[in-house]
There are 2 protein chains.
Amino acid sequence: MNADSSSSHPPIEQELLECPVNYTLKLIGGRWKTIILWQLHQGPKRFGDFKRAINGISERILAKQLKELEADDLINKVLYAEVPPRSEYSLTPLGQSLEPVLKSIFQWGIRYGPYFVDKPVSSATSSGGDRPAANREVNTTKEKKRV
Amino acid sequence: MNADSSSSHPPIEQELLECPVNYTLKLIGGRWKTIILWQLHQGPKRFGDFKRAINGISERILAKQLKELEADDLINKVLYAEVPPRSEYSLTPLGQSLEPVLKSIFQWGIRYGPYFVDKPVSSATSSGGDRPAANREVNTTKEKKRV
DNA sequence: CAGCATCCTTTAGGATACTG
DNA sequence: CAGTATCCTAAAGGATGCTG
């Protein structure tokens, strides 16, 4: 079966439903979804806006993620039947309600990820708060504790 | 409505802003990772504990996700060289620091997901109010707005 | 018990040509 | 302009047998 052309994605499994965390993650976990939501938080956007603003996204994926977000009631879409056509995407109230969540995730990333944001002065060693800089592609050689 | 899409906003900032979110999501985005982290939040656990506690996870995936979490410094692992062997997983400080994030995600899921937590009385439970109950499996007959 | 190794299925994501 | 259709790659996830 090909679910690709379906307007929404497959049903959420029971296990996922039992975990609110996974439920939320399912909605915003797409590769570009948080970016889309973030952009929409600054105001309505058109399809082409995303295409231009999000570097590296393909049209198919953009359309797909927008569709999923819409199916999940996180964003609204209005298609003006003009010629040439014009679309307008905006956040639903539900989508807006995600803001604190995204912010929380964002803050953690800033704080513990490889971003030097709170490093205003002190050109010396930044090691005070050196982070592991999670690197999964290159697995940091890490000795295993054995007892 | 609005004429131009370039709107009020420099693109640079957006790019910077989205990254930390995806970074965080990368670390906790695994199918079972948040469950693992959640369980560890209640105390150290062994490999078999997870196997038993998490319904439906395969050993390979469990081992894999544990390994990734460990590589990302979110959890610690101690392998006691006894016979039979015994393992003990626990949260690192970094892993513990995720608690507010997970909580935030969790709360949103509870509040807006398909969980019927009808708060009976309580006048004001934090902020906001209503909940649309997102439904993904049955694509609610949702007509497209056309203008 | 802990957890690799091997094999396989499913899903996400992508490039590109084309249409109303 | 706003998408679909078609085809493809990569990565995530899974079942199961085996070993120290």
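Scroll up to find the structure.
Attention in this report is confined to the structure presented alongside it.

The rules behind these values
- Residues numbered from 1 in each chain as written.
- Chains lettered and ligands numbered in written order.
- Predicted model: local features only at pLDDT ≥ 70, side-chain atom pairs only at ≥ 80, totals over all residues.
- Heavy atoms only, no water.
- Helix = DSSP H or I, 4+ residues; strand = E, 2+ residues; numbered from the N terminus.
- Expected span 1.5 Å × (residues − 1).
- Buried < 20%, exposed > 50% of the residue type's maximum accessible area, 1.4 Å probe, protein only.
- Near = heavy atom within 4 Å.
- Polar contact = N/O pair within 3.5 Å; in protein donor to acceptor, adjacent residues only side chain to side chain.
- Nonpolar A, V, L, I, M, F, W, Y, C, P; charged D, E, K, R; others polar.
- Salt bridge = Lys/Arg side-chain N within 4 Å of Asp/Glu carboxyl O.
- Contact = heavy atoms within 4.5 Å.
- Phe/Tyr/Trp six-rings, centres within 6.5 Å; stacked < 30°, edge-to-face > 60°.
- Lys NZ or Arg CZ within 6 Å of the ring centre and 35° of its normal.

1. Notes on helix α4 (residues 59–71) of chain B
All names here are of chain B.
Next, step 1: Taking 1.5 Å as the rise per residue, α4 with 13 residues should run 18 Å; its terminal C-alpha atoms sit 18 Å apart, in good agreement.
Next, step 2: The set of residues buried in α4 consists of L62, Q65, L66, L69, E70 and A71.
Next, step 3: Residue D73 follows α4 closely and has a positive phi angle near 65°.

2. Re the protein's contact with DNA strand D
Next, step 1: Residues in close proximity to DNA strand D total 22 residues, the closest being E59, K67 and Y89 of chain A together with R31 and R60 of chain B.
Next, step 2: Contact between DNA strand D and R46 of chain A: a phosphate oxygen at 2.9 Å from a side-chain N or O atom of the residue.
Next, step 3: The residue inventory of the surface near DNA strand D, partitioned by class, reads eight nonpolar, five polar and nine charged.

3. Quick look at the pattern of salt bridges
Next, step 1: For the structure shown, the criterion picks out ten salt bridges over all chains.
Next, step 2: Taking the shortest distance from any N to any O, the salt bridge between R52 of chain A and D49 of chain A comes out at 3.4 Å. Taken together, the positions of R52 of chain A and D49 of chain A, both in helix α4 (residues 47–53) and three residues apart, correspond to about one turn of that helix.
Next, step 3: Since its relative accessible area comes to 6%, D49 of chain A is described here as buried.
Next, step 4: E99 of chain B is paired through a salt bridge with K103 of chain B; the nearest N and O atoms lie 3.9 Å apart.

4. Regarding the protein's contact with DNA strand C
Next, step 1: For DNA strand C, the set of nearby residues contains 21 residues, the closest of which are R31, W32 and R60 of chain A together with E59 and K67 of chain B.
Next, step 2: For DNA strand C, the backbone makes up 56% of the atoms found within 4 Å of the protein, where backbone means sugar plus phosphate.
Next, step 3: A distance of 2.7 Å separates a phosphate oxygen of DNA strand C from a polar atom in the side chain of W32 of chain A.
Next, step 4: One nitrogen or oxygen atom from the side chain of E59 of chain B is found 2.7 Å from a base nitrogen belonging to DNA strand C.
Next, step 5: Among the secondary structure elements, those contributing two or more residues to the surface near DNA strand C are α5 (59–71) of chain A together with α3 (47–53), α4 and β2 (86–91) of chain B.

5. What to know about helix α2 (residues 33–40) of chain B
Next, step 1: Of all eight residues that make up α2 of chain B, seven are buried, and the element is covered over most of its length.
Next, step 2: Buried within α2 of chain B we find K33, T34, I35, I36, L37, Q39 and L40 of chain B.

6. With respect to the side chain of T24 of chain A
Next, step 1: Along the chain, T24 of chain A turns up in helix α2 (residues 20–28).
Next, step 2: Residues contacting T24 of chain A, with those up to four places away along its chain left out, are L98 of chain A together with I105, W108 and G109 of chain B.

7. Focus on the packing of aromatic side chains
Any pair of aromatic rings gets described here by the distance separating the centres and the angle formed by the planes.
Next, step 1: A complete count under the given rule lists eight aromatic pairs over all chains for this structure.
Next, step 2: Here the aromatic rings of Y23 of chain A and Y115 of chain B are separated by 6.0 Å at their centres, their planes lie at 85°, and the arrangement is edge-to-face. Pair noted here: Y23 of chain A is in helix α2 and Y115 of chain B is in the loop between α6 (99–112) and β3 (145–146), and the two residues belong to different chains.
Next, step 3: Lying over the aromatic face of W32 of chain A, R31 of chain A brings its terminal NZ or CZ to 4.1 Å of the ring centre.

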